Amino acid sequence: MTDATLPPPEPGERIELDDEAAVLAEAATAVEAAAETVDMEPLDSPRRLLLVHAHPDDETIGTGATMALYAAQGALVTLVTCTLGEEGEVLVPGLAHLASDQDDALGQHRIGELAAACEALRVTDHRFLGGPGRWRDSGMMGTPQNDRPECFWQADLDEAVRDLVAIVREVRPQVVVTYDSNGGYGHPDHVQAHRVTVAAFDAAGDPSYAPELGETWQAAKLYWTAFPNSVLQAGIDHLKASGETNFFGADSADDLPFGVPDEQVTTEVDAGDHLDAKTAAMRAHKTQIEVDGPFFALSNNVGQRAFGTEYYTLARGDRGPSDGPLGREVDLFAGIDHT
Ligand SMILES: [Zn+2]
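Predicted model, so just to flag it, every value in this text is computed and none were measured.

Visitor: If you had to explain the overall build of the chain to someone new, which residues and values would you point to?
Guide: Helix and strand content of the chain: 8 helices and 7 strands. For the chain, the proportion of its 339 residues judged to be buried stands at 55%. The contacts of the chain with a sequence gap of at least 6 include a subset with a gap of at least 24, amounting to 77%.

Put into structure tokens, the structure is as follows:
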């Protein structure tokens, strides 16, 4: 273990930005530690959760508390990340040269950030779809980066689905999580992650599909990540009232692309006990998430409700016992016999 998982910041605390050397050293230590992790056989864990995300940091922002919760409970949590996030904005001034329009070295750097984040979440099984760097970040929708032949938006879907089916058949998850058909907010890599995951969810259980990739496995449930409009609105209102910050410049949840109507949410996972792990993982994504930016403001101000609880929409499979608030499931494995 390393000290890559810093304690979460105190509310209002200003964090000194590390210089470049410290950031890189921390990332390298985290990568080394991850490599030393003892491998467990996937089937040693009776409950297995697979999450498919587009870029390093998406796992933490959207599902970090859930991942930390299930990992802490001894479930196997497998993260598949589809790109290295090469087109991300670099928010650390000393590392600005990594950006795609300068050294174009952000992807390699973010491998280290993701390793540190996974360590904070205690998630030991992490893979890049097709291997690190197989698919490049496609940039925001409508940018010229969408047309690069190596970007995920231009991916050969058959190849990407095969790669994911091989992982599903190896890990045998009961539960798979990714984005809705809009990719949560329309980013091409998120939309593509949705397409590939839906296709692989079905193909993995189809005996006629690529038998050379292993024994078929049909996962029981497929979920989309979801951020209920009411929770988003409460966060915006709270931040405005406290004068803390301006959440992406929005007055209303309707102005933001990533909220969903509350009635679409089927499941809420209360992982508030793991909010510290999620916050530490956000800090690990140093080039991407500003410690004085809107996500930290949300987690400091309305953390438990807006950030310690994560929300999902059941897309495939049978809904389990719905004994949570608003008749929602409280467990992604609800109703699944995993013995
Ligand atoms: Zn993303």
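Visitor: Before we move on, could you go through unusual backbone geometry and cite the residues and values that matter?
Guide: Here the phi dihedral of R122 falls at roughly 65°; this positive angle occurs in a residue that is not glycine. Along the chain, the position of R122 falls in the loop between α3 (106-121) and β3 (125-128). Its identity is not glycine, yet A210 carries a phi of approximately 35°, on the positive side. Residue position: A210 is located in the loop between α5 (188-203) and β5 (221-226).

Visitor: I'd love a proper account of the coordination of the zinc ion, names of residues and values included.
Guide: For the zinc ion, every protein donor is listed as H55 (ND1), D58 (OD), D58 (OD) and H190 (NE2), and the spread of their distances is 2.1 to 2.5 Å. One way to put it: the 4 donor atoms around the zinc ion meet at angles of 56 to 141°, and that makes the site irregular. All donors of the zinc ion belong to a single chain; written as a sequence motif, their spacing is H-x2-D-x131-H. One end of the pair, D58, is in helix α2 (residues 58-72); the other, H190, is in helix α5, and 132 residues separate them in sequence. Both residues of the pair, D58 and H190, belong to the buried class.

Visitor: Which residues make up the side chain of T178, and what are the values?
Guide: Mapped onto the secondary structure, T178 falls in strand β4 (residues 175-178). Engagement of the side chain of T178 in a polar contact is seen with the backbone oxygen of V52, the distance being 3.1 Å. Ignoring sequence-local partners within four residues, the contact set of T178 consists of V52, A193, H194, T197, Y223, W224 and T225.

Visitor: With reference to specific residues and values, describe the side chain of H285.
Guide: By secondary structure assignment, the location of H285 is in the loop between α7 (275-284) and α8 (294-308). By relative accessible area, which is 0% here, H285 ends up buried. Here E59 takes part through its side chain, which lies 2.7 Å from a polar atom of the side chain of H285.

Visitor: Tell me about the sheet that holds strand β1 (residues 48-53), and name the residues and values.
Guide: Taken in spatial order, the 7 strands line up as β3-β2-β1-β4-β5-β7-β6 in an open sheet, and their pairing is mixed. Each edge of the open sheet carries a strand with a single partner, namely β3 and β6 (267-270). Strand-to-strand, the axes of this sheet are offset by a mean angle of 25°, without reference to chain direction. The sheet contact formed by β1 and β4 spans 3 bridges and is parallel.

Visitor: Give me the packing of α3 against α7: which residues, what numbers.
Guide: Following both chains from N to C, one finds α3 and α7 inclined at 170°, their axes separated by 8 Å at the closest point. In terms of axis orientation, α3 runs roughly antiparallel to α7. Residue-level contacts link E113, A116, A117, A120 and L121 of α3 to A277, K278, A280, A281 and A284 of α7. Class assignment of the residues belonging to the contact of α3 with α7 gives a composition of 8 nonpolar, no polar and 2 charged.

Rules and cut-offs
- Residues numbered from 1 in each chain as written.
- Predicted model: local features only at pLDDT ≥ 70, side-chain atom pairs only at ≥ 80, totals over all residues.
- Heavy atoms only, no water.
- Helix = DSSP H or I, 4+ residues; strand = E, 2+ residues; numbered from the N terminus.
- Buried < 20%, exposed > 50% of the residue type's maximum accessible area, 1.4 Å probe, protein only.
- Contact = heavy atoms within 4.5 Å.
- Donors = N, O, S within 2.8 Å, 3.2 Å for Na, K, Ca; no water.
- Tetrahedral: all angles 85-135°; square planar, octahedral: opposite > 155°, others 65-115°.
- Polar contact = N/O pair within 3.5 Å; in protein donor to acceptor, adjacent residues only side chain to side chain.
- Pairing = 2+ DSSP bridges.
- Axes fitted to C-alpha atoms, helices over the stretch in contact; angles between N-to-C directions.
- Parallel < 35°, antiparallel > 145°, perpendicular 65-115°, else oblique.
- Nonpolar A, V, L, I, M, F, W, Y, C, P; charged D, E, K, R; others polar.

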